[in-house]
Amino acid sequence: MVCSAAPLLLLATTLPLLGSPVAQASQPGQSQAGGESGSGQLLDQENGAGESALVSVYVHLDFSDKTWPHEVSRTLTLPAASASSSPGPLLTGLGLTTECNVNHEENFYCACLSGYQWNTSICLHYPPCQSPHNHQPCGCLVFSHPEPGYCQLLPPVPGTLSLNSQLQMPGDTLSLTLLLSQEATDLSWFLRHPGSPSPILLQPGTQVSVTSSHGQAALSVSNMSHHWAAGPRGATQHSRHVSAGEYMSCFEAQGFKWSLHEVVRVPLKATDVAQLPDQLSISCATSPGFQLSCCIPSTNLAYTATWSPGEGSKASAFNESGSQCFVLAVQHCPMTDTMYTCDLQSPGLAPLRIPISITIIQDGDITCPEDTSVLTWNVTKAGHMAQAPCPESKRGIVRRFCAADGVWGPVHSSCTDARLLALFIRAKLLQAGQGSPAEEVPQILAQLPGQAAEASSPSDLLTLLSTMKYLAKVVAKARIQLDHSALKNLLIATDKVLDMDTRPLWTLAQARKPWAGSTLLLAVETLACSLCPQDHPFTFSLPNVLLQNQLFGPTFPANYSISFPTRPPLQAQIPGHSLAPLVHNGTEISITSLVLRKLDHLLPSNYGQGLGDFLYATPGLVLVISIMAGDQAFSQGEVIMDFGNTDGSPHCVFWDHSLFQGRGGWSKEGCQAQAASARPTARCLCQHLTAFSVLMSPHTVPEEPALVLLTQVGLGASILALLVCLGVYRLVWRVVVQNKVSYFRHAALLNMVLCLLAADTCFLGAPFLPPGPQSPLCLAATFLCHFLYLATFFWMLAQALVLAHQLLFVFHQLPKHRVLPLMVLLGYLCPLALAGVTLGLYLPQGQYLREGECWLDGKGGALYTFVGPVLAIVGVNGLVLAMAMLKLLRPSLSEGPPAEKRQALLGVIKALLILTPIFGLTWVLGLATLLEEVSTVPHYIFTILNTFQGVFILLFGCLMDKKVQEALRKRFCRAQAPNSTISLVSCWLQIFSSLSESMSEGIPWPSSEDKGTVRS
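A brief structural summary. (Residues numbered from 1 in each chain as written. Predicted model: local features only at pLDDT ≥ 70, side-chain atom pairs only at ≥ 80, totals over all residues. Heavy atoms only, no water.)

Take the overall build of the protein next. Scanning the protein for helices and strands turns up 22 helices and 45 strands. Across the 1016 residues that make up the protein, the buried fraction comes to 49%. Restricting to contacts in the protein with at least 6 residues of sequence separation, those with at least 24 account for 70%. Only carbon and sulfur atoms are counted for the fraction: they give 58% of the accessible area of the protein, which is about 47,200 Å². (Helix = DSSP H or I, 4+ residues; strand = E, 2+ residues; numbered from the N terminus. Buried < 20%, exposed > 50% of the residue type's maximum accessible area, 1.4 Å probe, protein only. Contact = heavy atoms within 4.5 Å. Areas by Shrake-Rupley, 256 points an atom, 1.4 Å probe, with all protein chains shown as cover.)

Buried residues of helix α20 (residues 962-972): Val964, Ala967, Leu968 and Phe972, and no others. Down the axis of α20, the sector holding all buried residues measures 105 degrees, keeping them to one side. (Arc of directions from axis to C-beta.)

For the pair helix α5 (residues 458-478) and helix α6 (residues 484-498), the least separation of the axes is 12 Å and the interaxial angle reads 150 degrees. Looking at the two axes, α5 sits roughly antiparallel to α6. Helix-helix and strand crossings are classified by hand; for α5 and α6 the assignment is left-handed. Contacts between α5 and α6 involve Leu461, Leu464, Leu465 and Met468 from the former and Leu490, Thr494 and Val497 from the latter. (Axes fitted to C-alpha atoms, helices over the stretch in contact; angles between N-to-C directions. Parallel < 35°, antiparallel > 145°, perpendicular 65-115°, else oblique. Left-handed = near helix turned anticlockwise from the far one by under 90°.)

A separate point is the sheet that holds strand β21 (residues 304-308). Spatially, the 4 strands line up as an open sheet ordered β19-β25-β24-β21, and their pairing is mixed. Unpaired on one side and paired on the other, β19 (279-282) and β21 mark the two borders of the sheet. Taking each pair of neighbouring strands and ignoring which way they run, the sheet shows an average axis angle of 20 degrees. Bridge count between strand β24 (residues 338-345) and strand β25 (residues 352-360): 7 bridges; the pairing is antiparallel. Each residue of the ladder has a partner; that of Asp343, found in β25, is Arg353. (Pairing = 2+ DSSP bridges.)

What follows deals with the side chain of Glu262. Within the fold, Glu262 resides in strand β17 (residues 256-264). It turns out Glu262 is buried and unbridged, and the closest side chain with the opposite charge, Arg265, is 11 Å from it. Leaving out residues up to four positions away in the same chain, Glu262 has contacts with Leu161, Ser162, Leu163, Gln166, Leu176, Gly245, Glu246 and Tyr247. (Lys, Arg positive; Asp, Glu negative; His and termini not counted. Salt bridge = Lys/Arg side-chain N within 4 Å of Asp/Glu carboxyl O.)

Another point: the nonpolar core. In terms of nonpolar packing, the biggest core is built from 88 residues, with Trp228 and Tyr247 touching the most fellow members. Take this core: its biggest share by element is 10 residues, from α5. The residues touching Trp228, leaving out its near neighbours within four places in the chain, are Leu191, Leu202, Gln207, Val208, Val221, Tyr247, Leu429, Ala432, Gly433 and Gln434. In this structure, Val737, Ala748, Leu790 and Trp855 belong to the second largest nonpolar core, which totals 69 residues. (Core = buried A, V, L, I, M, F, W, Y, C linked by side-chain atoms within 4.5 Å.)

Nonpolar side chains collect at one region of the surface, where Leu822, Leu825, Leu829 and Leu832 lie side by side and expose about 380 Å² of accessible area between them. With respect to the helices and strands, Leu822 occurs in helix α15 (residues 816-842). (Patch = residues over 30% accessible without salt bridge, like charges linked within 9 Å, V, L, I, M, F, W, Y side chains within 5 Å.)

So, about the environment of Leu582. In this structure, Leu582 sits in the loop between α9 (576-579) and β37 (589-597). Along the primary structure Leu582 and Ala629 are separated by 47 residues, whereas in three dimensions their C-alpha atoms are 6.5 Å apart.

Here we come to the state of the cysteines. With the rule as written, the count across this model stands at 11 disulfides. Disulfide partner of Cys294: Cys342, at an S-S distance of 2.2 Å. Here the residue Cys294 occupies a position in strand β20 (residues 290-297), and Cys342 occupies one in strand β24, the gap between them amounting to 48 residues. Across the pair, exposure class does not vary: Cys294 and Cys342 are buried alike. The partner cysteine of Cys671 in its disulfide is Cys686, sulfur to sulfur 2.0 Å. Handedness here is read from the sign of the S-S torsion; for Cys671 and Cys686, about 120 degrees, the answer is right-handed. Taken as a pair, Cys671 in strand β43 (residues 671-674) and Cys686 in strand β44 (residues 681-688) lie far apart in primary sequence, 15 residues in all. A single burial state applies to Cys671 and to Cys686, both of which are buried. (Disulfide = S-S within 2.5 Å.)

Without other data, these values stay purely geometric and don't point to any function.
See below:
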């Protein structure tokens, strides 16, 4: 209290109400102490005869010795006899309510005495003498000049606070219930740590839940620990003897601020105690004595320690920052292995027993030698863990394992900077619900750059990243807006963390937590878009961090564009039609664009569906784009990005934090690469907003215009050749199917031609369709191509199986009414089933379509459902051909089928003998280009063999057949001599002319009439 120049008194008087229902306040004259009176003021009144009313009188008393007389410091009761001498209201007692002191500036410092309090309205109009927290009842106010300010008599407490248990065991749930008898407002919960000057706000979090209903409010804290009752780190010994943590319920009712309290005690648990060491192997010959210790954090309970066995040892205790350590100095080494225990005791609690195992090294035991290279490692028994303390200002322990062969293992350190660890605990408690996020988040962010610069161990780095993660979660949940200084601190700390990419800290940290880079990305991504609107626009640039934040009002440009001076330059654009739906009733739109260099190299190599298991190259940066409309974040929106010149085939991806059990991974869902018009750049189009980058596949198909042109020419030539083949069959069908073998062969070949013709036509038109799984046309084209190409090879398989049957069972006749349906089932039903299973299996996983194309994905496994059956069919055909060659070379073959049937078999063999190697070589090359990094030559060979399949079928499957040749010559070349070159050319011209006419008339399927002409 400020030294007073003129003490003041505010008196409360109790008057009986006689006769009148309302008692008027009296105004006394000059007091005996030389004071002068002010106007009286009615405080409270009650109706009814014989009742009393409390009134206040403002009195100015001047005491020469500047001290209050003892007589006026207590309530004065006047004699009852004085009540009969006056007919009016009678004064029955005096009570002191308010004590004021005046400083030299004529400011009045007025404080309420016990049982009285300032009204809430007065508290709001006058400044406090000190700065209490907002919800605490004001005890002292400052008045600028004398006026009738007074403290009022407190009515009965309008509520009760109950607690489920004052002793909360670790892991228990604390429950506080407030029952109110009056209407209350501005209800808040607080926790006052022992030794802390101000209480801590409690609000909903991961451990705190707050509920409120009419006449009742409740606070629940789950998983109790010493952090929810103990004093802050660095508290004095005196604070540890404070009874316990104090929970407060503060509210307003009846015009006053109320504060109800409950005391809670939480004992320590075993994991709160740090033993050094927790196990020890020692040689009594070299170390006759040793020292054991167990340290506990600052707590609200007084603990003492008892060691056992304690004979011949000396126990002591000392305090260091934030903890108390109990030490046992063992002066005589035990002869055998011994278990020491540190029994921590607190009044009213069961002892907490902490074991420490001591192993004695005997003669002949295998040991690791003493090592003093970095830290001092004493001789340790094989199979045991040696331990050493962390350097000063660090928390944790250093461990090193002694292997069974007596060789030291690597050093594992959990040492963490004490100040960084305190920030981590503060951020974690903030997420749990302890503290005010709007005040504490900027304070913690302000200390992060310094801590990032001093990080010297993997534990420091991981603790720093975890602190940022907790802060991001708090900001996202509470929707806090950060000012530019807080955001700068975050970006500076992020820049320093990314600069550690060349140091072993990241490597060691990722060995412990491979998803550490994903944690950093999520934290920065969340915090960077929390800038308050008053600080827009905001631009910040560091070597590893570039941020641009812009705010748009109801009107915004047609397209939002941004560029960053990276190498290569990075550009991004959001079309106006993506932003238009976000504007509602003048809503402001905030767009945050953030570039993080080196982060892509620190993210784990996790690849989602459709990307396979390759190791991709990245451009060295991650682009983060976020949009906020008001206080709402939007993740859907079209964004176009240009990552500059690239080598190889780009895959546009984003980092999906939900993949791999929440550890994150690259995904291409909703993103696709776009072809650049002028230069080889990675241009991406994505339908959502998040962290983007580009993956460069090391195994890519060269994008050469000549290869594309060759594909188109080859498909065109195949389509033309297949049409010619159909025309030939139109002309010669009845002639070439004179027996069953010929019929089965040409029926299979005709179906091959039809399937391949439809497949080539579909494949040639697929590039003109919109790619992607959202395009039904693209999905349909891919499915049809898959089915039709498979059907082509399955009909080839049917042809080979018929040949194998005729070679193995020479005299067994094949009935057409049974064989032909089986061939149809094999040729169409099997490939249809394979294509359908592939679609159902790989489409939901995003591994069905190749990126940017309407064809099967070669990385997710869908393409292998085509290549695998094709290679298997080629292998079966090869076996059939080998068997056929052996049969042809046997002399007994002449005793087999008749000459005409044998000629038909030879035609099948010749066709398979040429087509099978060609088709087999084609897809062996195709598989090789998928699995290995190859030059352009195999790609050209594969393209020629694959796209010209129709030409090969026309030449080797149709025109090389002698029956076909004879039928064509008999029909068109009867008048010419067979050996005349001119006549031969004229004959073929007539054939092609007739083919064109027959194709225009249509191609007949083998009819029942045709079947009648087939010889058995």
